[in-house]
Amino acid sequence: MIAFLRLLSRNRLALAGGIVMLCVVLLALIAPLLPLADPDVTNTAHRFKTPFTEGALLGTDHLGRDLLARLLWGTRLSLMVGFAAAMIAATIGAAIGIIAGYFGGRTDNLIMRGVDMLMAFPYILLALAIVAALGPGLFNALIAVATVNIPFFARNIRGVTVGIAHREFVDAARLSGMSDARIILTEILPNVVPVIVIAMSTTIGWMILETAGLSFLGLGSQPPQADLGSMLGEARSALITNPYTSVVPGVMILIIVMAINLLGDGVRDALDPRLKSGALSRPMAATLVNRTGPVPEPKGNGLLEVQDLETQFHVKNRVYKAIDGVSLHVKPGECLGIIGESGSGKSVTALSVMGLVASPPGVITGGAVRYDGTDLIGAPYKHLREMRGKNVAYIFQDPLATLHPLYKVGDQLIEAIRSHYSISSAEGRKKAIDLLRAVRIPNPEKRISDYPHEMSGGMRQRVGIAMALANDPDIIIADEPTTALDVTVQAQILALLDDLRKTRGLAIVFITHDFGVVAQLCDRVAVMYAGRIVEEGPTKAILDAPMHPYTARLMACVPELGEGKRRLEAIPGLPPVVDNLPTGCAFAERCHKSQTACRGSDIALVFDTGRAVRCLFPDNPNAEAAQ
Amino acid sequence: MAGYILKRLLSAIPVLFGITVIVFLIMALIPGDPATAILGAYATPENVAKLNRDLGLDKPLAQQYFIWLGNILIGDFGTSFALNRPVLDEVLERFNATLILAGTAFVLCSIFGIVAGVVSAANQYGLGDKAITFVVLLGISIPSFFLGMMMILFFAVNLRMFPVSGMWPIYGARDLSALISHLTLPALALAVVATGVIARLTRSAMLEVLRQDYIRTARAKGVPERGVIWRHALKAAMVAIIPVLGIQAGFVLSGAVYIEIVFQWPGVGRMLVDAILKRDILLVQGGVVFVAACYVIFNIAVDVAQSMLDPRIKT
Ligand code: SF4
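Residues numbered from 1 in each chain as written. Chains lettered and ligands numbered in written order. Predicted model: local features only at pLDDT ≥ 70, side-chain atom pairs only at ≥ 80, totals over all residues. Heavy atoms only, no water.

A.B. asks: What should I look at first to understand the overall build of chain B in this one?
C.D. replies: Secondary structure summary: chain B contains 12 helices and two strands in total. Ordered by position in the sequence, the α and β elements of chain B form the string α-α-α-α-β-β-α-α-α-α-α-α-α-α. Taking all 315 residues of chain B together, the buried fraction comes to 50%. Taking contacts inside chain B between residues at least 6 apart in sequence as the whole, the part at least 24 apart equals 72%. For chain B, the accessible surface area stands at approximately 13900 Å², while carbon and sulfur atoms represent 68% of it. Counting 24 positive and 18 negative side-chain charges, chain B places the averaged centre of each group 12 Å from the other. (Helix = DSSP H or I, 4+ residues; strand = E, 2+ residues; numbered from the N terminus. Buried < 20%, exposed > 50% of the residue type's maximum accessible area, 1.4 Å probe, protein only. Contact = heavy atoms within 4.5 Å. Areas by Shrake-Rupley, 256 points an atom, 1.4 Å probe, with all protein chains shown as cover. Lys, Arg positive; Asp, Glu negative; His and termini not counted. Charge placed at Lys NZ, Arg CZ, Asp CG, Glu CD.)

Structure below.
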């Protein structure tokens, strides 16, 4: 509760709303104690006094009644009625919802049918029908407004109750012989109260508006008693001659409803954990770049060259160094593997190349990515956009999530081409069919009008590959493209990629956690751990004799292609959290060879005869080869 | 698709049936003798008895209901006492005016709301986003009847840009330009609240969608940001937006009651309020059933639109 209030008060708008609301409620509460004129005493000699005149701060209305007094008394009435309506709707609605959700089956069905019927009405029709039956009057308006809001509560609460009704603690209570009524009161109710509070905080503003509306129509409070709505309704006839009589109650309603809405939003945000972490930020078109250090000079290594790249995630006050000084390069026609556990930074490395790391929270803080010599980090968005897909293309994991669910695959292929070249639809269609054929999708003329959900996982990934090939890129970055697929399909996709590389001279950067895949496809491999490269070299050399203890572990775990899932448990311990790396070797915690020196200071990546390793006590490749 | 539409239409029958039951039951709540309630306290006993017979009120409740339902099904909603004219004729004429007003407002709030929400999401935390968020907050907090009154005061009385009220000029031609000038203010006033709600929802739906993997795919293949936002993200967000459009249509229809009063628009909402104040029960009953039925049909159209957008929905 205290945490909740603290969260709420951190939301400045909600705080403002809360303070305003508090003032309004206080004023309404103490209205009887204030030295106000009697709100109902008419004095036709003093009609339509303008505001700020002697003895009438807000002026008088068409019957000479003091507007300030009427305003405060009217506010009191409006708040009371709105709050009462909310309470009634919440209580009855929650009761109905809990009963439907708890008992389920027939009861649930019957009740929810009825609720659906009520929701089929535009709300005011129902309210009008009820007022028509009961006759105009404030109390009847209250009943009408409460009634039309019951279905909303019933439905919300039912949903939550259904989720709770089958949890262990409820089952346990049932087994222990508690009565249904007691279970509902002691086990269910405490758990749905927050939902009721959220629902109330988001609807009470509405209810005040709705009752004010009915009064405005003359169906609510009857003269001389007046709530804000009927004040406005009565003032309407003098709108043109004496507008302030309308403005005064109207602005009051606006203030109340706005304050409640702000407060309600704050309550919802504070209780909704998804918004708490700030997860609902949209990624921008390209990753933010904020390089403080100098840009490394080009070395002329290969077609794509990543130099000392640093990408971080800035979440609130914490900084996660997702990758910290990664250097890689790949030549035309070459396949480079990047391997590591999840969280090692391999995907972030891949996405940083074309500025696709979600930002916020991602920020590229240092290094360079050179395509054919020119730096892409910090290149204008326009330039980056033009290169995406045309020079460097991506294949992602899980094509069900990475293909747009509402467009036909053919249209998505054509769009990939059209983003870079203007071609006619007939041409686009022809090219799309050719592409599907190139990735060996049978019957491409028909498949082109499939939606992604109509295809199998393997076929979808072939579409993903076809999309990457659409503009004949020089480099394909494949981010775990086979992880979601079963073993046979995996092998087919790998064979296809290998083929394409050979026939088209593609450079491939292949991200994986699976040494079996690396062995099959890659010329060179880089092993990543905690955001850094710990070993790099020709695939064969590393497979024959890993030098870094981590590499050895990784290999020992996955002898077979496609059984990557079990590997995680096979290495004792977990990778370190990258916002709090230990000094010295990041792997020390889990390394069987670690010594005091390993935890001392930063360990450099040492190059030697085409290989590199970041370890103080590497295994000697020659010694192992000799064994 | 035709099969799906038919299926949805058939599924609406029990809902329509339920609506008539609810309306009938509410009317049966009228305390005391309905005929007296309808005719007023000074009615002669003969008149009361005659009305009771006319309404079939001397029969048991269930039987009354089926007589009433049967009459409705052949288009007989009874006769309005206050207007002395068949209820259906009056409702149809008034509904026409409401449809023009609410329909225009609905189109306006859908367009403005979606555009504002998309712009807001695309510039999250930017100046445009903050400005839109503030205006939206104001929009969903202001009572539409108060807004309408202020618009009359400012645009009609002070600036004389539009007529103060009504649907047609008292003198002069009833042509399209006359209609538009009379329609502008009430349609805008009516659209404001729904615009705010739709904009809010669009913003959060867009933010949700923009984090999806397929958006990253679109960016990775080089789709310009405009296309990413308006084609990829908005289309996916529409799946969440369309049902809310259906709900908002109900709110627009509801809000029309206030706006019709404020602008003296000869619509069905004003008719209902008048009928309630005059205790013209049959007119209320007929009007409510008719409008609710139209709303149910409209929501079927919304469902069909949804199924056309999203191929994953089984039709
Ligand atoms: S530096 Fe030390 S702790 Fe780190 S991997 Fe090498 S031996 Fe193990």
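So, next bit.
A.B. asks: What is the right way to read the interface of chain A and chain B from this model?
C.D. replies: Many structure descriptions define interface size as the accessible area lost when the parts assemble. Facing the 75 residues of chain A at the interface are 76 residues of chain B. Where chain A abuts chain B, roughly 6800 Å² becomes buried across the two surfaces, and 72% of that area is made up of carbon and sulfur atoms. One can count three salt bridges joining chain A with chain B. In this structure, K221 of chain B engages E415 of chain A in a salt bridge whose closest nitrogen and oxygen atoms are separated by 3.2 Å. Summed over the shared surface of chain A and chain B, the number is 22 residue pairs in polar contact (both at pLDDT 80 or more). Those elements giving two or more residues to the side of chain A that touches chain B turn out to be α4 (105-119), α5 (123-134), α8 (180-216), α10 (244-271), α13 (381-387), β7 (392-395), α14 (399-402) and α15 (409-418) of chain A. Of all the elements, α10 of chain A adds the most residues to the side of chain A that touches chain B, at 11 residues. Here the residues of the side of chain A that touches chain B sort into 53 nonpolar, 14 polar and eight charged. (Buried area = accessible area lost by both parts, 1.4 Å probe. Salt bridge = Lys/Arg side-chain N within 4 Å of Asp/Glu carboxyl O. Polar contact = N/O pair within 3.5 Å; in protein donor to acceptor, adjacent residues only side chain to side chain. Nonpolar A, V, L, I, M, F, W, Y, C, P; charged D, E, K, R; others polar.)

A.B. asks: Which parts of the structure should I look at to understand the sheet that holds strand β11 (residues 532-538) of chain A?
C.D. replies: By way of backbone hydrogen bonds, the strands of a sheet pair with one another, either parallel or antiparallel. All names here are of chain A. Read across the sheet, eight strands follow the order β7-β8-β9-β4-β10-β11-β13-β12 without closing on themselves; strand pairing throughout is mixed. Two strands bound the open sheet, and with one partner strand each, they are β7 and β12 (606-608). Averaged over neighbouring strand pairs, the angle between their axes works out to 20 degrees when direction is ignored. Bridging between strand β10 (residues 524-529) and β11 involves six bridges; their strand directions are antiparallel. Along β11, the bridge assignment pairs A526 with E536. (Pairing = 2+ DSSP bridges. Axes fitted to C-alpha atoms, helices over the stretch in contact; angles between N-to-C directions.)

A.B. asks: Which parts of the structure should I look at to understand the packing of aromatic side chains?
C.D. replies: Where two aromatic rings form a pair, the distance of their centres and the angle of their planes describe that pair. Tallied over the full model, the rule gives 19 aromatic pairs over all chains. Seen in terms of ring centroids, Y550 of chain A and F587 of chain A are 5.1 Å apart; in terms of plane orientation they differ by 65 degrees. Their pairing is edge-to-face. Note that Y550 of chain A is positioned in helix α22 (residues 549-557) and F587 of chain A in the loop between α23 (567-570) and β12, a separation of 37 residues in sequence. The two residues Y550 of chain A and F587 of chain A agree in class, both being buried. Each ring, one from F24 of chain B and one from W68 of chain B, has its centre 5.7 Å from the other, and the planes form 35 degrees; the classification is tilted. Of this pair, F24 of chain B sits in helix α1 (residues 2-28) while W68 of chain B is found in helix α4 (residues 61-73), placing the two residues 44 residues apart along the sequence. On the accessibility criterion, F24 of chain B (9% relative accessible area) is buried. (Phe/Tyr/Trp six-rings, centres within 6.5 Å; stacked < 30°, edge-to-face > 60°.)

So far we have only geometry, and geometry alone does not tell us how the molecule works.
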